[in-house]
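Each chain, letter by letter, is given below.
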Amino acid sequence: MEFTPIDKESKIYPGEYLLHSPSRQIVICGAFKKSENLIKVLGNGRVFEDHILNFKKLKMSKDEVKRRRCSSCK
């Protein structure tokens, strides 16, 4: 798992996992407001907004995604 900085060409989608650098926690993206330079996220049971520069995108290989994914039907 790697963390890549978010730049102007990055595409961030709601539901995507991000690292919030100041709090050092992995959060879920709720809204990406590029024009306002903000990202709204859900982390630690609360919703908050912060500047784009405080977040990093998680990058996982296909093998990591496959290992972490679990089936809900058994």
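Higher on the page you've got the structure.
Residues numbered from 1 in each chain as written. Predicted model: local features only at pLDDT ≥ 70, side-chain atom pairs only at ≥ 80, totals over all residues. Heavy atoms only, no water.

Outline the nonpolar core, listing residues and values.
If you look at the biggest cluster of nonpolar residues, it comprises 10 residues: I6, I12, L18, V27, C29, I39, V41, F48, I52 and F55. Sorting the residues of this core by element identifies β3 (25-33) and β4 (38-43) as the ones contributing at least two each. With residues up to four places along the chain from it excluded, the contact list for F55 reads I6, L18, L19, H20, V27, I39, V41 and D50. (Core = buried A, V, L, I, M, F, W, Y, C linked by side-chain atoms within 4.5 Å. Buried < 20%, exposed > 50% of the residue type's maximum accessible area, 1.4 Å probe, protein only. Helix = DSSP H or I, 4+ residues; strand = E, 2+ residues; numbered from the N terminus. Contact = heavy atoms within 4.5 Å.)

Can you tell me about the pattern of salt bridges, naming the residues and giving the values?
Taken as a whole, this structure holds 2 salt bridges when the rule is applied. Note that E49 is salt-bridged to K33, the shortest N-O span being 2.6 Å. One end of the pair, E49, is in strand β5 (residues 46-51); the other, K33, is in strand β3, with 16 residues separating them in the sequence. Note on E49: relative accessible area 35%, which makes it partly exposed. (Salt bridge = Lys/Arg side-chain N within 4 Å of Asp/Glu carboxyl O.)

Let's hear about a nonpolar patch on the surface: which residues, and what values?
Among the surface-exposed residues, M1, F3, Y17, I26, I28, L42, V47, M60 and V65 lie close enough to one another that they form a single nonpolar patch of about 770 Å² accessible area. Locating L42 in the fold gives a position in strand β4. Overall, the relative accessible area of 41% leaves L42 in the partly exposed class. (Patch = residues over 30% accessible without salt bridge, like charges linked within 9 Å, V, L, I, M, F, W, Y side chains within 5 Å. Areas by Shrake-Rupley, 256 points an atom, 1.4 Å probe, with all protein chains shown as cover.)

Please set out the pairing of strand β2 (residues 17-20) residue by residue, giving values where relevant.
The sheet contact formed by β2 and β3 spans 4 bridges and is antiparallel. Residue H20 lies in a different strand from β3, and its bridge partner there is Q25. Counting the residues that bridge the hairpin from β2 to β3 gives 4 residues, and of these R24 lies at a positive phi of roughly 55°. (Pairing = 2+ DSSP bridges.)

An account of the side chain of D50 is needed here, citing residue identities and associated values.
Following the sequence through the fold, D50 ends up in strand β5. Look at D50: it is buried, it has no salt bridge, and the nearest opposite charge is R46 at 8.6 Å. In terms of polar contacts, D50 uses its side chain to reach the side chain of H20, at 2.7 Å. Setting aside its immediate chain neighbours within four residues, D50 contacts H20, P22, N37, L38, I39 and F55. (Lys, Arg positive; Asp, Glu negative; His and termini not counted. Polar contact = N/O pair within 3.5 Å; in protein donor to acceptor, adjacent residues only side chain to side chain.)

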